[in-house]
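What the coordinates show
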Amino acid sequence: MSITIRRATEADAEALRSIYAPYVADTTITFEYEVPSVSEFAGRIRAFGAEYPYLVCEKDGEAIGYAYADRVRERAAYDWDVELSVYLRQGTHGRGIGTVLLACLVDLLEMQGIRHLYSCVTMPNEKSVRMQKKLGFEDAGRWQDSGWKFGAWHDVAWFQKHIGAGEPRPVTPFPELDDKEIQKTIDTYSKKLNLEEK
């Protein structure tokens, strides 16, 4: 068995959509009501990937998870801020895959010059909170009753992590980073996943 991380492409849309669909249909982890179409999902991969890393985790060639970053706010002062997301195929939780995938994403974002990382967790969700804490994220506040899904209001907790210090440099779009450096980072975390599986 082999676990690898790689960059997502639009060709991954159907596989990643199948991972995401149960979160939409059966949980409050995402506040989206309808599962997006394959073409819409492909558009998201294209749009997010044009600026930030969009990663796929595969086991023996089959997608079992993915992670990506997106801009938090549109004003120029927020150029160095991103929100992180990670989704795993049902049945693969609790093995550290999400944590490693997010750690890889964080390192790649730091290479771009990103400074502030945020994540949003629908509460209660102790597993996600533990993962945030393990990666060094800190509490950044709670929005009470901010999302309506499945006939109830739900709180969301925000977490933050700061990387780097001082005056920032302009953020480098992810596709413009050095391919060898990207692959070196991805290979490091793929190796870590395989070691943890043994």
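Position numbers for residues start from 1 in each chain and track the written sequence from start to end. A pLDDT threshold of at least 70 governs which residues receive local features in this predicted model, and a stricter bar of 80 or more applies before side-chain atom pairs are shown or counted, although totals over entire chains, interfaces and linings include all residues. Heavy atoms throughout the structure, all of them, feed into the side-chain values; hydrogens and water do not.

Here the focus is the environment of Tyr-78. Secondary structure counts use DSSP, requiring at least four H or I residues in a row for a helix and at least two E residues in a row for a strand, with both numbered from the N terminus. Inspection of the secondary structure assignment puts Tyr-78 in the loop between strand S3 (62–71) and strand S4 (81–88). Residues Tyr-78 and Ile-5, 73 residues apart in the sequence, show an inter-C-alpha distance of 28 Å. Any two residues whose heavy atoms approach within 4.5 Å are treated as being in contact. With sequence-adjacent residues up to four places away left out, Tyr-78 is seen in contact with Arg-71 and Arg-73.

Here the amide bond leading from Met-123 into Pro-124 is cis, since omega sits at 0 degrees, within 30 degrees of zero. Note on placement: Pro-124 falls in the loop between strand S5 (116–122) and helix H4 (126–134). The phi dihedral of Phe-150 is positive, around 55 degrees, even though this residue is not glycine. Along the polypeptide, Phe-150 turns up in the loop between strand S6 (138–149) and strand S7 (152–162).

In this section: the sheet that holds S7. Two strands pair if DSSP finds at least two bridges between them. The strand order S1-S2-S3-S4-S5-S7-S6 describes an open sheet built from seven strands, whose pairing is mixed. The strands lining the two open edges of the sheet, one partner per strand, are strand S1 (3–7) and S6. Across this sheet, the average inter-strand angle for adjacent strands is 25 degrees, counted without regard to direction. Alignment of S6 against S7, held across seven bridges, turns out to be antiparallel. Paired with Glu-138 across the bridge in S7 is Gln-160. Packed onto the sheet, helix H2 (residues 38–49) meets strand S2 (54–59) and S3 and runs at close to 120 degrees relative to S2. Lying on the sheet, helix H3 (residues 97–112) is in contact with S1, S2, S3, S4 and S5; it crosses S4 at an angle near 155 degrees. A fitted line through C-alpha atoms serves as each axis, taken over the contacting stretch for helices, and the angle formed by two N-to-C directions is quoted from 0 to 180°.

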